[in-house]
Structures are given as structure tokens and as C-alpha cells.
Amino acid sequence: MARTPDPTDRAVGLRVIIDEMLPFDDDRRLTSAATTALLAYSATEPPAAEIMRAAYAGAYTFFERAFDREAAIGLYAVVSGLQGPLLLGAVTPAQAQVIVDAALASAKLGT
């Protein structure tokens with residue numbers, strides 16, 4: 001019989017959040033596409049860039065609850081870096097899961 005993951009397990013909770021950030025279904029694909037478009041727009045529009053920098057800072061802070069700052073930034077870079085390739089089909093969801101697993105293992109969840 002398969003074990004159900006403990007919902008209070010921090011690693012499981014982080015994985016659920018990370019999976020929500022990746023375009024694995026139509027709703028998340030739409031959100032990722034909009035985020036990618038805003039990122040491209042932000043490259044030439046300073047007010048939009050401020051919004052994106054604030055979003056990045058918020059994501060870093062979230063991941064810093066479980067990792068040191070450098071690991072938090074690195075993990076978010078991996079997750080956000082997968083959005084475009086997933087949207088375009090250059091990376092499969094299964095490949096993305098392996099990449100995220102490796103990034104999580106490398107980041108070493110804090111206690």
C-alpha cells in the first residue's frame with residue numbers, strides 16, 4: 001500500500017509550491033506565459049522591472065524559510081529558468097521534475 005506524504009513535511013510542502021510555479025497544466029501555462037511576457041517587457045521598461053524585482057525578492061524570501069540565501073536564490077533561478085523551456089516543449093514535465101529534485105537535493109533543506 002502506498003504511503004500518503006505527510007502534509008506537514010516541509011520538503012513535501014516546498015515541492016507542492018514549486019510544482020505550482022511550473023507550467024504543468026493549462027492554468028499554470030497561462031500564468032507562466034504572462035510572467036514570461038512581463039519579464040521580457042521589464043527588460044526595457046523600468047517601472048515594470050521594479051515589479052519583477054519585487055516579485056523576485058518575495059520568492060527569495062519565501063525560499064529562505066527553508067534554505068540559506070544563496071541556496072534560495074539558486075533554487076528559484078532553477079524553477080523560474082524552467083518556465084520558458086516547459087512552455088515551448090523544450091523540456092518535458094518529467095525532465096523538469098528530475099531537475100527540480102536535483103536542485104532541491106543540492107540546496108539541502110535546513111532544519
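Whatever comes next refers back to the structure up there.
Residues numbered from 1 in each chain as written. Predicted model: local features only at pLDDT ≥ 70, side-chain atom pairs only at ≥ 80, totals over all residues. Heavy atoms only, no water.

A. Quick peek at the overall build of the chain. Assigned secondary structure in the chain consists of five helices and zero strands. The secondary structure elements of the chain, listed N-terminal to C-terminal, are α-α-α-α-α. In the chain, once contacts between residues fewer than 6 apart in sequence are set aside, the share between residues at least 24 apart is 59%. (Helix = DSSP H or I, 4+ residues; strand = E, 2+ residues; numbered from the N terminus. Contact = heavy atoms within 4.5 Å.)

B. Quick peek at the nonpolar core. In this structure, Ile 18, Leu 22, Phe 63, Phe 67, Leu 75 and Leu 82 are the most contacted members of the largest nonpolar core, which totals 22 residues. Secondary structure elements with two or more residues in this core: helix 1 (10-21), helix 3 (46-63), helix 4 (69-88) and helix 5 (93-107). At seven residues, the largest contribution of residues to this core is made by helix 4. (Core = buried A, V, L, I, M, F, W, Y, C linked by side-chain atoms within 4.5 Å. Buried < 20%, exposed > 50% of the residue type's maximum accessible area, 1.4 Å probe, protein only.)

C. Expanded view of the side chain of Arg 28. If you trace the backbone, Arg 28 turns up in helix 2 (residues 26-42). A residue is classified by how much of its surface remains accessible, and Arg 28, at 16% relative accessible area, is buried. Not counting residues within four places of it along the chain, the set of residues in contact with Arg 28 comprises Asp 19, Glu 20, Leu 22 and Pro 23.

D. Focus on the pattern of salt bridges. Enumeration over the complete set of coordinates arrives at six salt bridges. Measuring nitrogen to oxygen at the nearest pair gives 3.1 Å for the salt bridge that ties Arg 15 to Asp 19. You can see Arg 15 and its partner Asp 19 sitting in helix 1, four residues apart, about one turn around the helix. The pair formed by Arg 15 and Asp 19 is uniform in burial state, with each residue classed as buried. The closest approach of N and O atoms between Glu 20 and Arg 28, which form a salt bridge, is 3.7 Å. Residues joined by salt bridges that share partners form a network here, namely Arg 15, Asp 19 and Asp 101. (Salt bridge = Lys/Arg side-chain N within 4 Å of Asp/Glu carboxyl O.)

E. Here's a closer look at the environment of Ala 103. Checked against the element boundaries, Ala 103 lands in helix 5. The exposure class assigned to Ala 103 is buried, which follows from its relative accessible area of 16%. As a C-alpha pair, Ala 103 and Val 78 span 25 residues in sequence and 7.3 Å in three-dimensional space. Dropping the residues within four chain positions of it, Ala 103 is found in contact with Leu 75 and Val 78.

F. Representation of the packing of aromatic side chains. Applying the stated criterion to the full structure yields five aromatic pairs. Residues Tyr 60 and Tyr 76 carry aromatic rings whose centres are separated by 6.0 Å and whose planes lie at 80 degrees to one another, so their mutual orientation is edge-to-face. Here Tyr 76 lies in helix 4 and Tyr 60 lies in helix 3, a separation of 16 residues in the sequence. Residue classification places Tyr 60 among the buried residues on the basis of a relative accessible area of 19%. Of the residues examined, Tyr 76 reaches a relative accessible area of 13% and is grouped as buried. With 5.2 Å between their ring centres and 75 degrees between their planes, Phe 62 and Phe 63 make a pair best called edge-to-face. Note on Phe 62: relative accessible area 26%, which makes it partly exposed. Every member of this aromatic cluster is reached through a ring pair, and the members are Tyr 56, Tyr 60, Phe 62, Phe 63 and Tyr 76. (Phe/Tyr/Trp six-rings, centres within 6.5 Å; stacked < 30°, edge-to-face > 60°.)

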